[in-house]
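# Structure at a glance
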Amino acid sequence: MSTAATGAHERATITTSGPEMVITRTFPGTADLVFEAMTNPEHIRKWWGAGHGEMTVCEVDLREGGAWHFAQVADSTGDEVSFSGHYKSIDRPGRLVHTERFDNIESPYSVIDTTYTENDGQTELRAVITYDSPETVQAVVDSGMEHGLQASYDAIDDVLAELAAARA
C-alpha cells in the first residue's frame, strides 16, 4: 500500500509491507535542523499532534537508554492520548532509533529507525517502523494516523523556518 496526499507542503509517503511501515518525506532544512526540530521539547511542542489538541506532556531524555513521553488532550474528544518509548541509538544528525507505544491501550512497542539524509540544504527523512504484526500495521493505518502525521510534518516545516531565521 502506498499513499501520498496533495497540498502546499511536501507530502509524506507511507508504504506498508508485513509488519513494517516506511515513511519518507523531504524537509526544507539541514539534517541538523530537522534532527533538532524533532528531538528538542521546545520545538516538539510546536508540531506534535499539530492542530489536534493541547500537548500536556513533552518529556525527552535524549540519550541512549533515555525515555520520552508525549501526551495530548484531543480537541475532538477531550480524551488524553499518550505515547512513550526509549532511545536505543543516537547518531546526530544522521540517525535515531527509538521505541514507541500507544499508552492508552496495552500495546507492544514498535521500533522506529529514522535516517536523515541531507542533500543541498534539504533533508530526506526515512523512518522504518517495525511493529509486532501486519495486523498492528493495519490498525495504525486504520486509526487515521496519516492525517495527523501530515499535519505534524507540515508544522515541522514552520519550526524549521523559525530555526533557520534564528540562525541566519
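Before reading further, recall that the structure is shown in the block above.
Let me sum up the structure you'll find in this document. (Residues numbered from 1 in each chain as written. Predicted model: local features only at pLDDT ≥ 70, side-chain atom pairs only at ≥ 80, totals over all residues. Heavy atoms only, no water.)

## Description of the nonpolar core
In terms of nonpolar packing, the biggest core is built from 36 residues, with Met 21, Ile 23, Met 38, Trp 47, Tyr 116, Tyr 153 and Ile 156 touching the most fellow members. In terms of residue count, helix α4 (residues 145-167) provides more of this core than any other element does, seven residues in total. Tyr 153 has contacts with Ala 12, Ile 23, Arg 25, Phe 27, Met 38 and Leu 125, leaving out every residue within four places of it along the chain. (Core = buried A, V, L, I, M, F, W, Y, C linked by side-chain atoms within 4.5 Å. Buried < 20%, exposed > 50% of the residue type's maximum accessible area, 1.4 Å probe, protein only. Helix = DSSP H or I, 4+ residues; strand = E, 2+ residues; numbered from the N terminus. Contact = heavy atoms within 4.5 Å.)

## Details of the packing of helix α1 (residues 31-39) against α4
Taken N-terminus to C-terminus, the directions of α1 and α4 make an angle of 120°; their axes are 10 Å apart at the nearest point. As the angle between them shows, α1 and α4 are arranged oblique. The way α1 lies across α4 gives a crossing that is right-handed. Residues Asp 32, Leu 33, Val 34, Glu 36, Ala 37 and Met 38 of α1 form the contact with α4, whose participating residues are Tyr 153, Ile 156, Val 159, Leu 160, Leu 163, Ala 164 and Arg 167. When the residues that make up the contact of α1 with α4 are grouped by side-chain class, the tally is ten nonpolar, no polar and three charged. (Axes fitted to C-alpha atoms, helices over the stretch in contact; angles between N-to-C directions. Parallel < 35°, antiparallel > 145°, perpendicular 65-115°, else oblique. Left-handed = near helix turned anticlockwise from the far one by under 90°. Nonpolar A, V, L, I, M, F, W, Y, C, P; charged D, E, K, R; others polar.)

## What about the packing of aromatic side chains?
Counted according to the given criterion, the structure contains six aromatic pairs. Measuring from ring centre to ring centre gives 5.8 Å for Trp 48 and Phe 83, while their planes differ by 75°; the resulting arrangement is edge-to-face. Of this pair, Trp 48 sits in the loop between α2 (41-47) and β4 (53-60) while Phe 83 sits in strand β6 (residues 80-91), placing them 35 residues apart in sequence. Look at Phe 83 and you get partly exposed, because its relative accessible area is 21%. A network of ring pairs unites the aromatic residues Trp 48, Trp 68, Phe 70, Phe 83 and Phe 102 as a single cluster. (Phe/Tyr/Trp six-rings, centres within 6.5 Å; stacked < 30°, edge-to-face > 60°.)

## Some words on the environment of Thr 39
Position of Thr 39 relative to the elements: it lies in helix α1. Accessibility expressed as a relative area gives 5% for Thr 39, which makes it buried. A sequence separation of 21 residues divides Thr 39 from Val 60, and the C-alpha atoms of the two residues are 7.4 Å apart. In this structure the side chain of Thr 39 is engaged in a polar contact, spanning 2.7 Å, whose partner is the backbone oxygen of Phe 35. (Polar contact = N/O pair within 3.5 Å; in protein donor to acceptor, adjacent residues only side chain to side chain.)

## Digging into unusual backbone geometry
Arg 92 connects to Pro 93 through a cis peptide bond whose omega is 0°. Turning to its location among the elements, Pro 93 is positioned in the loop between β6 and β7 (95-102). Notably, Asp 120 is not glycine yet its phi reads approximately 55°, a positive angle. Examined against the element boundaries, Asp 120 turns out to sit in the loop between β8 (110-119) and β9 (122-130).

## Comments concerning the pairing of strand β3 (residues 20-27)
As judged from the five bridges shared by strand β2 (residues 13-17) and β3, these two strands associate in the antiparallel manner. Opposite Ser 17, over in β3, you have Glu 20 as the bridge partner. The loop that links β2 with its antiparallel partner β3 comprises two residues; one of these, Gly 18, has a positive phi angle of about 60°. Note that β3 and β9 share eight bridges and pair antiparallel. Paired with Val 22 across the bridge in β9 is Val 128. (Pairing = 2+ DSSP bridges.)

As far as function goes, none of this settles anything; it's purely spatial.
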